[in-house]
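Letter by letter, the chains look like this.
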Amino acid sequence: AQSVTQLDSHVSVSEGTPVLLRCNYSSSYSPSLFWYVQHPNKGLQLLLKYTSAATLVKGINGFEAEFKKSETSFHLTKPSAHMSDAAEYFCVVSDPTGNQFYFGTGTSLTVIP
Amino acid sequence: EAGVAQSPRYKIIEKRQSVAFWCNPISGHATLYWYQQILGQGPKLLIQFQNNGVVDDSQLPKDRFSAERLKGVDSTLKIQPAKLEDSAVYLCASSPWAGDEKLFFGSGTQLSVL
C-alpha cells in the first residue's frame, strides 16, 4: 500500500523568505511522487514529479523537491517566497501502474507581505 | 490547448435531491478521473475511465453515485439521492493515457447539500 503524510496543515512565511513544505511517503515499491498546487478557484496544477531519475527535482515557479529514500521524504522547497505562491499544496504518490494517485491532506501556504 | 472543462461551478441542493456534474476532458485524452475533495482533505478517487470503460470504481458509493462516459469523451457524475456528507468539491481530471502519471484537472464543481 502507498500513502503520503503532509506534516503541516498550514505554513506561513514572509515574502522573500524560504519555503519548506514537508511530505513523508510510505510505499512498498520504488514510488513516483508528485507535488500539485491548487490556487483558489483554480484546478490542481502539477508542480513537479519524481520518477526515479535524479533525486533533486526542479519544477515550475522556482520550486524543487528532493527525494530521500533513507528518510522516506519528498519535501518541497523554494528559496524565496512570492505572494503568488499562496495556495494549497498536495503531495501525491502513484501506484506502480501510474493509474492510481493517492493525495495527502494538503498544506495551506500563506505568504505575508 | 483548452483545459478540462467542468460545469456547473457551484451547486446547492437539499438532501435527498439529485444532482449531476459534467466534465469535458482535454481533447484526445483517453483517461478520465472523478475525484471527491472534502473540505480539509486531499482529493479521493471515485472512478477512473479508460476511453468508455471503467478501470476502477472501487471507491464509488454505488448505492447513490453513478458515472458514465458513453462515447469515451465527456463524462457525467450523478448523485441520487444526495446526503449531507456529499458536500464537497468534485474534480475531474484527464491524462493522455493510463499510466501517463500527469493529471490535468478542471476547476471543480463545489456541491453544498443542505
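Each remark here, short or long, concerns the structure printed above.
Residues numbered from 1 in each chain as written. Chains lettered and ligands numbered in written order. Predicted model: local features only at pLDDT ≥ 70, side-chain atom pairs only at ≥ 80, totals over all residues. Heavy atoms only, no water.

Q: Can you help me understand the overall build of chain A in this one?
A: Of the regular secondary structure elements, chain A holds zero helices and twelve strands. Each helix and strand of chain A, ordered N terminal to C terminal, gives the series β-β-β-β-β-β-β-β-β-β-β-β. Computed over C-alpha atoms, the radius of gyration of chain A comes to 13 Å, within 12% of the 13 Å expected from 2.2 N^0.38 for 113 residues, which places it in the range of a compact globule. Oriented by its inertia axes, the alpha-carbon framework of chain A measures out at about 40 × 30 × 20 Å. In chain A, the share of contacts with a sequence separation of at least 24, taken over all contacts with a separation of at least 6, comes to 55%. Accessible surface computed for chain A: about 5200 Å², of which carbon and sulfur atoms make up 52%. Seen as two clouds, the 7 positive and the 8 negative side-chain charges of chain A have centres 5 Å apart. (Helix = DSSP H or I, 4+ residues; strand = E, 2+ residues; numbered from the N terminus. Rg over C-alpha atoms; globule rule 2.2 N^0.38 Å. Contact = heavy atoms within 4.5 Å. Areas by Shrake-Rupley, 256 points an atom, 1.4 Å probe, with all protein chains shown as cover. Lys, Arg positive; Asp, Glu negative; His and termini not counted. Charge placed at Lys NZ, Arg CZ, Asp CG, Glu CD.)

Q: It is not clear to me how the layout of surface pockets should be interpreted in this structure. Could you clarify?
A: A probe matching the size of a water molecule, rolled over the atoms, marks out where space remains unfilled. Here the largest pocket is characterised by a volume of approximately 520 Å³. If you go around the largest pocket, you meet 23 residues; those closest to its centre are Gln38(A), Gln37(B), Leu39(B), Val89(B) and Gln110(B). Among the residues making up the lining of the largest pocket, the classes are represented as eight nonpolar, twelve polar and three charged. (1 Å grid on protein atoms, 1.4 Å probe; cavity = no way out; pocket = protein on both sides within 12 Å on 5 of 7 lines; lining within 4 Å. Points joined across faces, edges and corners; volume = space filled by probe spheres on them. Nonpolar A, V, L, I, M, F, W, Y, C, P; charged D, E, K, R; others polar.)

Q: Is there a simple way to explain the interface of chain B and chain A in this structure?
A: It is common to report an interface's size as the accessible area lost on association of the parts. Every contact between the two is made by 22 residues of chain B and, on the other side, 21 residues of chain A. Summed over the three residues of chain B that lose the most area to chain A, namely Pro43(B), Glu101(B) and Phe105(B), the buried surface amounts to 35% of that side. Between the two partners, chain B and chain A, sit zero salt bridges. Where chain B touches chain A, the interface holds three residue pairs in polar contact (both at pLDDT 80 or more). Those elements giving two or more residues to the side of chain B that touches chain A turn out to be β4 (31–37) and β5 (44–50) of chain B. A per-element tally of the side of chain B that touches chain A places β4(B) first, with three residues. Class assignment of the residues belonging to the side of chain B that touches chain A gives a composition of nine nonpolar, eight polar and five charged. (Buried area = accessible area lost by both parts, 1.4 Å probe. Salt bridge = Lys/Arg side-chain N within 4 Å of Asp/Glu carboxyl O. Polar contact = N/O pair within 3.5 Å; in protein donor to acceptor, adjacent residues only side chain to side chain.)

Q: Explain unusual backbone geometry here, please?
A: In most cases, non-glycine residues show a negative phi, while peptide bonds are predominantly trans. Between Ser7(B) and the following residue, Pro8(B), the backbone shows a cis peptide bond with an omega angle of -10°. Position of Pro8(B) relative to the elements: it lies in the loop between β1 (5–7) and β2 (10–13). In this structure, Asn61(A) is a non-glycine residue whose phi angle is positive, near 60°. Examined against the element boundaries, Asn61(A) turns out to sit in the loop between β7 (56–58) and β8 (64–68). Under the relative-accessibility criterion, Asn61(A) is labelled partly exposed at 48%. (Buried < 20%, exposed > 50% of the residue type's maximum accessible area, 1.4 Å probe, protein only.)

Q: What should I look at first to understand the pairing of strand β6 (residues 45–50) of chain A in this one?
A: A regular strand places its side chains so that they alternate between the two faces of the sheet. All names here are of chain A. When strand β5 (residues 32–38) meets β6, the two strands line up antiparallel, connected through five bridges. Residue pairing in the sheet places Leu-33 in a bridge with Tyr-50 of β6. Here β5 folds back onto β6 in antiparallel fashion, the turn holding six residues, of which Asn-41 has a positive phi close to 60°. (Pairing = 2+ DSSP bridges.)

Q: Could you clarify how one ought to interpret the sheet that holds strand β8 (residues 75–79) of chain B in this entry?
A: In a beta sheet, neighbouring strands pair by backbone hydrogen bonds and run either parallel or antiparallel. Residue and element names in this part refer to chain B. Ordered in space as β1-β3-β8-β7, the four strands form an open sheet in which the pairing is antiparallel. The open sheet is flanked by β1 and β7 (65–68), the only strands paired with a single partner. Strand after strand, the sheet turns through a mean of 15° between neighbouring axes, direction not considered. Sheet topology places β7 next to β8; four bridges connect them, and they run antiparallel. Opposite Phe-65, over in β8, you have Ile-79 as the bridge partner. (Axes fitted to C-alpha atoms, helices over the stretch in contact; angles between N-to-C directions.)

Q: Honestly, the environment of Pro25(B) in this entry has me stumped. Any pointers?
A: Residue and element names in this part refer to chain B. Mapped onto the fold, Pro-25 is located in the loop between β3 (19–24) and β4. Owing to a relative accessible area of 8%, Pro-25 belongs among the buried residues under this scheme. It is 14 Å that separates the C-alpha atoms of Pro-25 and Thr-109, two residues lying 84 residues apart in sequence. Other than its neighbours up to four places away in sequence, Pro-25 contacts Val-4, Leu-32, Arg-69, Val-73, Asp-74 and Ser-94.

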